[in-house]
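Structural overview for review
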Amino acid sequence: MLAVEVVDLVKTYGRARAVDGLSFEVPAGKVTALLGPNGAGKTTTVEICEGFRRADAGTARVLGADPRDPRLRPRVGVMLQSGGMYPGAKADEMLRLVAAHHAHPLDPDALLARVGLVGAPARTPFRRLSGGQKQLLSLAMAVVGRPELVFLDEPTAGLDVRARHDTWDLVEQLRSAGVTVVLTTHAMDEAEKLADQVVIINRGRVVAAGAPIELKGGGADGELRFRAPGRLDLGQLLTALPVGSRAVERAGGHYIVSGTVDAAFVAAVMAWCANNGVPATDVRVEQRSLEDVFVDLTGSELTP
Ligand SMILES: Nc1ncnc2c1ncn2[C@@H]1O[C@H](COP(=O)(O)OP(=O)(O)OP(=O)(O)O)[C@@H](O)[C@H]1O
C-alpha cells in the first residue's frame, strides 16, 4: 500500500528547476525522510504533495487521490515551515480551533503537554512565542485531527535538544499508531533515527532511496583502518574474512578493510596480523554514515 506516489515531478521557478524529474514512493504506515541540503527541492516537493503548489509536469498521488482533492483535508496533517497562524491567537486557542474542525481529534491539552507547551506558553499569543515554540505548536496542529498521513517540513530545525527529542518521540508514537509520516530534514541523525525509508534529494532529483541500513551498504557498513609497514598480501588477508569484504592499501602504509565490521571481523583481522607477524598500529573502526553515502553520491557535503 502506497500513501504517496510521486512520478517524474518537475517544478520550475523562472529558469531554475527546483524539482527536476523527481520520483519516489511512500509506503503506508512508515516514516519516510526526504533528506537533502538547503535548496534541494524538498519543500517544493512536499508542498506539491500537500496540494499547495502545482507541478509543471509529472504526477503526485496522495492516499490514492489528487493532492488538491478537498476530501483529503481531514485525512492529511500538514506542518509548514511557517505561516498558517493567527498572530494574536493564543497557542491553546489555535490548537482547539483546529481540533474543532475534526470529527475525532486528540485532546488538545494533552497534546500541548506532549510537545512541552504547558503553562505560560500555552496561553501566549502566537506572535510572542519563541521560534521553537511556534514549531512545536505547528507540529501539534498537524497531528491533532488524527490524520492518516502527516507531512512535517523540517520539524526539528532550530529546536533545542529536549524539544528535538520530544518531537522524535511524537513521530515514533505516530508510527506506532499506524500513521504514515513524511518529513524533510537535513539532519543525518534524524533521518537515521526516525526513518524506515530515506529518500536522498540533491538538485531537484532523487539520488538514492532505501532503508538507512541499505543505503549504508547493507551489512557491509564499516571500515577497519590500521597502519603497518611493508606491503601486505591483502588477497591472503581477505581469505580470512567473510565473502564480500574489501581491503585497500593507501599511501604511507595505511590499510582500510571494509565489510560487516563486527567483533568477529575485527578479531579475524587482528588474528591474521598476529599470525603473519604484522605489527598493526593505529587500529580503529569507523561506521559508514548516511553523510558518507551522500558525499559518495553527490561529491558534496550535506551540511552546508
Ligand atoms: N516561490 C519560489 N520562487 C522562486 N524560487 C523558489 C521558490 N520556492 C523555492 N524556490 C527555489 O527552489 C529551490 C528549491 O527550494 P526548496 O525550498 O524546495 O528546497 P529545500 O530542499 O526545501 O531547501 P531547505 O532545506 O533550505 O528548506 C531553491 O533554489 C529555492 O530558492
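The name that an unreviewed UniProt entry assigns to the chain is ABC transporter, with the source organism given as Pseudofrankia asymbiotica. We quote the UniProt Subcellular location (unreviewed entry) comment for the chain here in full: "Cell membrane".

Around the ligand, a shell composed of Y13, A16, A18, G36, N38, G39, A40, G41, K42, T43, T44 and H186 is seen. If you list the elements that add at least two residues to the shell around the ligand, you get β2 (16-27) and α1 (42-49). The element contributing the most residues to the shell around the ligand is α1, with three residues. In the shell around the ligand, the residues fall into four nonpolar, seven polar and one charged.

All right, on to the confidence of the model for the chain then. For residues with low pLDDT, the predicted coordinates do not support detailed interpretation. Chain-level statistics for the chain give a pLDDT mean of 90 and a share of 96% at 70 or above. The ipTM value of the predicted complex is 0.92, and its pTM value is 0.81.

Of all the six residues making up strand β7 (residues 180-185), six are buried; the element is thus mostly covered by neighbouring parts of the structure. By the alternation rule, side chains of β7 split into T180, V182 and T184 and V181, L183 and T185, which are all buried. With five bridges joining them, strand β3 (residues 31-35) and β7 adopt parallel strand pairing. Across the sheet, L34 pairs through a bridge with T184, a residue of β7. Strand direction decides the pairing type here: strand β6 (residues 149-153) and β7, joined by five bridges, are parallel. Each residue of the ladder has a partner; that of D153, found in β7, is T184.

Attention now goes to helix α5 (residues 161-176). Compared with an ideal rise of 1.5 Å per residue, which puts 16 residues at 22 Å, α5 spans 23 Å between its outermost C-alpha atoms and is within 8% of the ideal. Listed in full, the buried residues belonging to α5 are A163, T167, L170, V171 and L174. Down the axis of α5, the smallest arc covering the buried residues is 100°, so these residues share one side. The exposed residues of α5 that point more than 90 degrees off its buried face are V161, R162, D169, Q173 and S176.

Core analysis: the largest hydrophobic core is formed by 66 residues, its most contacted members being A33, L95, L139, A140, V150, V181 and V198. Beyond its immediate chain neighbours, meaning those up to four positions away, L95 contacts P108, L111, L112, L137, A140, M141 and V144. Residues F226, Y255, V269 and W272 belong to the second largest nonpolar core, which totals seven residues.

Read across the sheet, six strands follow the order β5-β6-β7-β3-β8-β9 without closing on themselves; strand pairing throughout is mixed. Of all the strands in the sheet, just β5 (76-79) and β9 (205-210) have a single pairing partner and so form its edges. Ignoring strand direction, the axes of neighbouring strands in this sheet form an average angle of 15°.

Domain boundaries in the chain define domain 1 (2-215) and domain 2 (222-288). Each of domain 1 and domain 2 was reduced to a C-alpha centroid, and the two centroids are 43 Å apart.

How each quantity is defined
Residues numbered from 1 in each chain as written. Predicted model: local features only at pLDDT ≥ 70, side-chain atom pairs only at ≥ 80, totals over all residues. UniProt positions renumbered as here; feature names shortened; annotations may be inferred. Near = placed C-beta within 6 Å. Helix = DSSP H or I, 4+ residues; strand = E, 2+ residues; numbered from the N terminus. Nonpolar A, V, L, I, M, F, W, Y, C, P; charged D, E, K, R; others polar. pLDDT = per-residue confidence, 0-100. Buried ≥ 20, exposed ≤ 12 C-beta atoms within 10 Å, placed from the backbone. Pairing = 2+ DSSP bridges. Expected span 1.5 Å × (residues − 1). Arc of directions from axis to C-beta. Core = buried A, V, L, I, M, F, W, Y, C linked by C-beta atoms within 7 Å. Contact = placed C-beta atoms within 7 Å. Axes fitted to C-alpha atoms, helices over the stretch in contact; angles between N-to-C directions. Domains from an automatic or database assignment.

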